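# A closer look at the structure
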Amino acid sequence: MSGTNSPEAVKKLLENMQSDLRALSLECKKKFPPVKEAAESGIIKVKTIAARNTEILAALKENSSEVVQPFLMGCGTKEPKITQLCLAAVQRLMSHEVVSETAAGNIINMLWQLMENSLEELKLLQTVLVLLTTNTVVHDEALSKAIVLCFRLHFTKDNITNNTAAATVRQVVTVVFERMVAEDERHRDIIEQPILVQGNSNRRSVSTLKPCAKDAYMLFQHQEFSFLLKERVCPLVIKLFSPNIKFRQGSGSSSSPAPVEKPYFPICMRLLRVVSVLIKQFYSLLVTECEIFLSLLVKFLDADKPQWLRAVAVESIHRLCVQPQLLRSFCQSYDMKQHSTKVFRDIVNALGSLIQSLFLVPPTGTPAAANQAGSSNSGGPVSAPANSGMLGIGGGVTLLPAFEYRGTWIPILTITVQGSAKATYLEMLDKVEPPNIPEGYAMSVAFHCLLDLVRGITSMIEEELGKVETEYQVTTEAASSPTQSSEQESQSTSDQMDKEIVSRAVWEEMVNACWCGLLAALSLLLDASTDEAATENILKAELTMAALCGRLGLVTSRDAFITAICKGSLPPHYALTILNTTTAAALSNKSYSIQGQSVMMISPSSESHQQVVAVGQPLAGQPQGTVMLTSKNIQCMRTLLNLAHCHGAVLGTSWQLVLATLQHLVWILGLKPSSGGALKPGRAVEGPSTVLTTAVMTDLPVISNILSRLFESSQYLDDVSLHHLINALCSLSLEAMDMAYGNNKEPSLFAVAKLLETGLVNMHRIEILWRPLTGHLLEVCQHPNSRMREWGAEALTSLIKAGLTFNHDPPLSQNQRLQLLLLNPLKEMSSINHPDIRLKQLECVLQILQSQGDSLGPGWPLVLGVMGAIRNDQGESLIRTAFQCLQLVVTDFLPTMPCTCLQIVVDVAGSFGLHNQELNISLTSIGLLWNISDYFFQRGEVIEKELNKEEAAQQKQAEEKGVLLHRPFHPAPPFDCLWLCLYAKLGELCVDPRPAVRKSAGQTLFSTIGAHGTLLQHSTWHTVIWKVLFHLLDRVRESSTTADKEKIESGGGNILIHHSRDTAEKQWAETWVLTLAGVARIFNTRRYLLQPLGDFSRAWDVLLDHIQSAALSKNNEVSLAALKSFQEILQIVSPVRDSDKPETPPAINVTVPVLIGSMSGSGLSRPFVRTDSIGERLGRYSSSEPPIVTDELEDLNLWWAAWNTWYRIGSESTKPPVTFDKLTFIPSQPFLTALIQIFPALYQHIKTGFNMDDLQKLGVILHSAVSVPISSDASPFILPSYTEAVLTSLQEAVLTALDVLQKAICVGSENMQIMYPAIFDQLLAFVEFSCKPPQYGQLETKHIANAKYNQIQLFAPAEWVALNYVPFAERSLEVVVDLYQKTACHKAVVNEKVLQNIIKTLRVPLSLKYSCPSESTWKLAVSSLLKVLSIGLPVARQHASSGKFDSMWPELANTFEDFLFTKSIPPDNLSIQEFQRNESIDVEVVQLISTEILPYANFIPKEFVGQIMTMLNKGSIHSQSSSFTEAEIDIRLREEFSKMCFETLLQFSFSNKVTTPQEGYISRMALSVLLKRSQDVLHRYIEDERLSGKCPLPRQQVTEIIFVLKAVSTLIDSLKKTQPENVDGNTWAQVIALYPTLVECITCSSSEVCSALKDALVPFKDFMQPPASKVQNGES
C-alpha cells in the first residue's frame, strides 16, 4: 500500500494517466470522435484534481467515475487495440485503489459487454481479478456480475481461456471471504447492539451485515441466504442432473431427443463438485435437497453410464465416505425416517453394485483407454490375466496388485492416502472432453470408499460407545457411592440414558443399513484380491465390522461378517456345514434384494490365482482327497485369530463359527495337540501326508502360538463370554465326535485340546465352567474312537491335576466343596468301560497321590472309589496300575486320611484280592490287608477316638432327620466295625476261586484275629464268631462239597500241579482244612472269652457240626484235618500256657486242668502275646459277673455233644457203601486212626455217664473201622511187610481204646463191670479176623498174601487191599487171655458164657491149622486155649451144677477134634524140625486132656468123655500126612502123637480107676474098633499088592499100611505095660488074630513096609509060650 501512496508513485500515476488519455485520443481521432473528446476532457480533469487537492488519490477516487469514463467508452469501440489500451489503463487505476463504487460498477458493465462479444477474454479475466483483489469497493450486484462473467468465460471454446477463467473464479471467491475476515478484524472492537428482528430469526435482514460479510453471504453461507440456495441453486443443480440420469450408455444419439442432453464432462464434473460442496457445507440447510442429490448421485454409478461419469461419481461419493459424521447425519435424516429414501444404505449398495458390475461387465472403454490400461501393465491387456495366473509359478514376474475374478482382471491403483479423498477427475477443470479413465480406477476408488466408510463409521461409533461406557461407569459409581445422590444427579443419569438410547438406535441403524452391501462387496473383493495389502485391508474392514456388530449386539450381521472371514480362510468350496446352516449363512450364495436392488453374494471361486502354500486333508467324514490352502487362506486365518483374540468378548454364539473354521484349518495344516492343549505341527496320521511350503512352515509356530494366546486370553473374558466360548468348543467337539463314529480315522482333537487350554487358563474361576467342561470331556472319554477318547481323558486328567495344584483363593483345604467338585469327574470316569481311559484315570490318581496325597482330606472317598471301581474284566495293566495306587495309599497315606475312609481302604484292598486277572496282585492285596490291620493295631486309640467322634456327629444328624443310622455291623462300636469289615473282607477272600488266594487270606484272617482280636470289645466277639467265622465255614463247606472233580491240566504249561491238588475239589479241600483249623484254634485259644458269651453252647454245636461235615466229607485230607481240629477243641479246658499262667488272685479259683496228650499245633506260627494275663481278664469280668469256673453241668453237656458228634462221624464214615465203583470213597487209615484216638480223651470226660448202649455204639465203630480196607497205592506205605508181625496205628488205637475202657471198668463201680462180656465180644470178633478177614460191604479185596506176590502197580486203578489182620487178631487174643485171666471168676463173665465164646472163637483157627493165613495164628490159638482152659476149666467144674457151662463142653470137644484131626494139609516145604515141633504141640493138647479133663471125668458130662475117647482112639491110628518122601515117612506119621494118644487111651481104658462098667466098655470098644480096622487095612493091602504085580502101590496106601503096622506094635507095647487084669481077654484074642495077616504081608516088595512089619512081628514073640496046661475059653 505504502508503495502506491508515496508522492513518487502518485506523481507517476498522474503522468501515466495523462499519457494513457493522450494515447486514447490519438487512436480515436479518426474513427471515434466522441471518445477522443472524452479523453481530452479527462486530461484536463486530472490536471485540475492534481492542482486543487493535497490528497490527490482521495480526490481522484471521488471523481473516478468521470476519470474512468473515457476508457470505458474506448472499450465500447470494440477495437482490439483501443480495448487493450483502455483495459490496461483501468487496471492501473484499480491497482492504485482510486476507483469508487460507481466507477467499479461501470467497469464491470463494460467488461460484461466485452465478454458478450467474446473480446479480449483473457484480459477481461485479468481486469476482474485486479478489480476484486486490490480493493473492496465491488459489492452486491456488481460483484455477482463479475463472478458470473468469469463463469461465462469458463465455458468458451478456448482451453486456455477456460482454465484461466476457472482459476480466476477460484481466486475471486477466495478474495470475497478473505475480505470478510479482514472486515471483521477491523470492526472487532466495536460492540454491536443486537438488532431485534420481528418474525423468523432465520430471515435476519441483510442490513445487519457489514458490506464484505454481505458478499460472503451472497456466496451462500449465512442463513439469510439459505432461501436463495434452496429456491435457486438447488433447482438448478437438480436440473443439471437430468441429462446424465436419462442417458443410457450405448443408446444411439439419434434416439435422444436433443443432442444437448448427452452428458457433458465439464458440466458433470462441476455439477458433482458443487453437489459435494453443497452436501458438505450446507447439509443442515438442504436436508431434502441433499436427499435428492444423493439419490441421483448414486444413479451415476449404474453400469450403463459412461466410465468417466462413474469415475467422477465415485470420487464424489468418496468425499462423503471420509466424513463419518456426515454419514451419520444421512442415516439419521433419511434411513431412520419412515418414508424417506434409505440413502445411506443405497450409497453402500451402489458401491457394491459398482464393484460387482465392474467384474461382471468388462469395461468398454475407448481404444485409447484400452491401450492406456495396457501400457500401464507389463503386457497388453490380453496378457494380464494370463500372467496373473502364473503368479505362483513365474517367480520373476512381479505384477501390479490387482483384483481378479472369473477372468476379469482389474489392477488396483494407488489413489490416495487412507482417510482423505483426493479426487483426480473432479479437479480436471481445464478438460472439456471426457478424459481416459485408466482401467481399475473406478474399482480402486470404490474399494477405498468402502474401506474409508468402514474405518470412519467404526472408529466414530466405537469412540462414542467408549465415551458412553466411561460416563456410565462414572455415574454408576457415583450413584453407588455412599453419599446420597441428589435429584439432579439421577435426572442427569436418566437424560444420559435417553441420549444413549438415541445414539444406540443411530449406531444400530447405520450398521444395519450398510452391513449387507458392505459384506457383499467385501466378500467379492476378498475373493478377487491378489494383493496381500488389499487383502489385509479387506479383512481388516470385515474384522472391524464384525467387532462393531458384536459390541452393538447385532448378532446376524456379526455372524455374517465372521462367516465371510471364515469362508476366506478355508479352501474354495470347502464343505463346512456350520457355515452353510447358520442364519448368517442364509445370505451366502443367494442373491438377496436390498430396497429393490439386487446384490449377489458371490461365493469364493476356485480360480482365485493365489500361491498355494499348503496341501492337506479335509476334515470330513469321508476322505475326499486333498485340499489346498493359499497364502490368502492363511491371511484370513490370521485375521480370524486376531478377531477372536481381540474381540472374544463380543463374539458370543459366533465362537462356534470361528472355532469350527479354526479347527478345519488346524486340521488341514496338520497341527496336532500336545501337552497342555497347545497345537504343535505334527505329521498327519493317515492319507496323503500334509504338504507345507517353507513359507508356511515358518508361519506355523506363529499360528500355533497365536492360537494358544487366543485361548489364554479367555481369562480376560467375562463369565458370559467365557460360557459362550466353552459352549462353542463343546458343540464343535460333539461334531468331531459324530464324525469320528464308526471309523478309526484320525479324529479332530482341536476342540478337546482347546477346552483343556481354556480350562487351564481360567483356573482362578474354574467353578463357573467346571461342570459343562468336564461333563463334555467325560462324553468324549466314552467315544469309540481311541484317539478321541485318549485326548478326552488327557484333557480331563490334566485339568483335574491342574485344578488340584492351582493356588486357589481360599485354598482348597478350606474349600472342600471345590475340592470335591474338582475330583468328581475323576470318579465319573469310573463308569466308562474303555481300558485306555481307565488307565489314564488311574495314572492321574497316582500322580495326584504323589503330589497331593497329604492334602486330599474329604476327597479320599472319591479317590479310593476310583481305585475300587476297577472291575475284574478290565485287563491286567489297569488292575496293576490301580493296585499301585492302593499300595501307595496303604504305605504312605493311612495316617493322613480321615479315619472314616479307612473302611473304604479295606473294601478296596479286598476288592483287589477278588480280582482274578493277576494272582500276585490278589496275594499282595491280602498282604496289604495285613499291613492295614497292623496299622489299626498300632494307632488303635487315635482311630477309635476319631471314629467315635464321627459316629456321635452322624448319630446326631440321623436323630435330627429322624432316620436310623445305617452302617454294617451296626450295634458294634465303630472301631470294632472297622475290624469286622476287615475280617469280613478277608472272609470273602477265603472263598475266592483261586486256591493260593484262599490260602493266603485264610492265614491272614486267622493271624489277624489271633494277633489283634484282643482289641475287640467282648460283645463284638459274638459277631466275629457268628457273622465272620461261621459264615465263612458255611461258605467253604458249600463250595467244597460242590467243587468240580475234573482234573485240572497243568496251568500255563510250565507250572506243574501236584497230584494232590489237581482238581478243584482237592484245592478246596485245602481251604476247608485251613479254615476249620483256624476256627478251631480260635475256639481253643479264646475259650475264656467265648464261654461267657450267652450262646457258647450253640456255637459249640455249630462248630461240632462243621467238624462232622468235614470229617464225613469224601476227602481224606479234609476229613483227617477235621479230626485234628476235633482233637484240638477237645484237648482244652482253658488255653493256659506255661508262659502266662496267672498269678492266681485269691478271690478267683482258676482250675488249670492237665492237658490230655500234647497240644496239636501250637496255634499261630508267630508267638502269641496277649496284652493281659488271664488273671487280669478274669478280674475284669468278675466285677460284674461271678468268677468263671465253668459250670460243670454245662461242661458235661459240651462233652456229650462232642461224643455224639464223634459217634456220628464214626458210624457214618465207617459204614460200608452200598455199591462200589472206582469213585467209591473209602476212609483212609490215618483218618480212622485219628478218629479212634480221639475216643480215649473224650471218654475221660464222659465216663461217668457211659453206659452199655454207648459201648455198643463204640463197638460197632471200632469193628467197622478195623474192617476198612486200604487202597493198593497206599498199601506199601501202611502195610507192614508180610513177614513182620506189626500192628497198624489204627489197630493200635482200637486196642488202646478198649484198654482204656477195660481199665476204667476195672476201677469202676459194680454196674460198670457188666460191660466186660461186651469187651470180650469185641476182642473175640477181632480174633476171628486172623482167619476170616472182615468183609467191607460188598467190596472185593485182595488179600495181603496175593498183594505181596503180585507186585502192586501204583498207577493201576485203585484196588483195595485188606489189611494183614493177623498181628491184630493175635494181639487181641493176647488181650483176651490177659483179661480172662483177670476176670474169669467174674459173675458177668461166668453168666455171659465168655469161656464158651472164647473156645468157639479159637475153634476157627485151630480147625484151619495149616490153612490159617499165618502159621503163628494157630500156634497162638493153641497156647491161648491151653492158658484159658487152665484157668477156665476149674471155674467150669466149680459151676458144673448150675448148668452155666453145659453148652461149653460139646464146643470144646469139637474144638479138640478139629484141631487134632485137621483137614488141612501141611505145606510141602515144611521142614522136618518144624513138623516135629508141630507134633509136640499136638502132644501138649493130648497131655492137657490127660491131666485136666480125664481125671475129672465124673464132673464132666458123659457124652463129652465119650467124644474125647473116640478122638484119642482115632489119634492112635490116624495118619495125617499123605505125601512125603521115603526119608521123612517115619516122622510124618506123627508117631509121637499116636503114641501119646494110645498111651492116654490105654491109660484111660485100662486104668484101674474105672468107676463104672460103662467106662470100661468104652475103652474096650475103642480097642476092638482099632484092631478091627488094622485087620481091614492089612487085608486090603495084601489083596492090592497081589493084584498090582510088579507095579508099586500108591504112596498113600503104603503109608497107611506102615502106620497100621506101627500102631499094632504100639498097641502090643501098651498092652504089655497095662496091668493084666485091666485087659479084656477078647482084646488079646483080636491081637493074636492079626498075626496070620501080618505074616501074609511078608511077600510085599516095599522095604519100608518090610521094616515096619519086622517091628510089628517082633513083639509077638512074647505070645509064643508053650500052651498052658489048662485051656482057657475065650468066650466065657
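For the structure itself, look to the data block above.
### Some words on the overall build of the protein chain
Tallying secondary structure elements over the protein chain gives 67 helices and 11 strands in all. The burial tally for the protein chain puts 52% of its 1676 residues in the buried class. Taking as baseline every contact in the protein chain between residues at least 6 positions apart, the subset at least 24 positions apart corresponds to 76%. Total accessible area computed for the protein chain in this model is approximately 75500 Å², and 55% of it derives from carbon and sulfur atoms.

### Concerning the pattern of salt bridges
In the structure shown here, the tally under the stated rule is 29 salt bridges. For the salt bridge of Arg455 with Asp452, the shortest nitrogen-to-oxygen distance reads 2.5 Å. Placement of both Arg455 and Asp452 in helix α20 (residues 441–480) is noted, with a separation of 3 residues, approximately one turn of the helix. Asp452 gets classed as buried once you look at its relative accessible area, which sits at 4%. Note that Asp1034 is salt-bridged to Arg1037, the shortest N-O span being 3.5 Å. Residue Asp1034 and its partner Arg1037 are located together in helix α41 (residues 1020–1042), separated by 3 residues, close to a single helical turn. A cluster of three or more residues bridged by salt bridges with shared partners is formed by Glu876, Arg880 and Glu918.

### Details of unusual backbone geometry
Residues other than glycine seldom take positive phi values, yet Lys1393 does so here, at roughly 55°. One can find Lys1393 in the loop between α56 (1387–1391) and α57 (1394–1408). Accessibility expressed as a relative area gives 38% for Lys1393, which makes it partly exposed. Of note in this structure, Lys1409 is not a glycine but carries a positive phi near 45°. Assignment of secondary structure puts Lys1409 in the loop between α57 and α58 (1415–1438). Given the relative accessible area of 1%, Lys1409 is considered buried.

### Remarks on the pairing of strand β2 (residues 408–411)
Side chains Thr408 and Ile410 project from β2 onto one buried face, and the interleaved Trp409 and Pro411 project onto a second face that is buried too. With 4 bridges connecting them, strand β1 (residues 402–405) and β2 associate as antiparallel partners. In the strand pairing of β2, Phe403 is matched with Ile410. Adjacent in sequence and paired antiparallel, β1 and β2 are bridged by 2 residues, among which Arg406 carries a positive phi angle near 45°.

### Things to note about the nonpolar core
Residues Leu707, Leu849, Met867, Phe936, Phe1126, Trp1206 and Phe1456 are the most contacted members of the largest nonpolar core, which totals 378 residues. Apart from the residues lying within four places of it in its own chain, the contact partners of Phe936 are Leu902, Val906, Ile943, Phe975, Leu978, Trp979 and Leu982. Membership of the second largest hydrophobic core comes to 59 residues, among which are Ile82, Leu124, Leu149 and Val176.

Conventions we followed
Residues numbered from 1 in each chain as written. Predicted model: local features only at pLDDT ≥ 70, side-chain atom pairs only at ≥ 80, totals over all residues. Heavy atoms only, no water. Helix = DSSP H or I, 4+ residues; strand = E, 2+ residues; numbered from the N terminus. Buried < 20%, exposed > 50% of the residue type's maximum accessible area, 1.4 Å probe, protein only. Contact = heavy atoms within 4.5 Å. Areas by Shrake-Rupley, 256 points an atom, 1.4 Å probe, with all protein chains shown as cover. Salt bridge = Lys/Arg side-chain N within 4 Å of Asp/Glu carboxyl O. Pairing = 2+ DSSP bridges. Core = buried A, V, L, I, M, F, W, Y, C linked by side-chain atoms within 4.5 Å.

It is worth stressing that arrangement in space is one thing and function is another; only the former is reported here.
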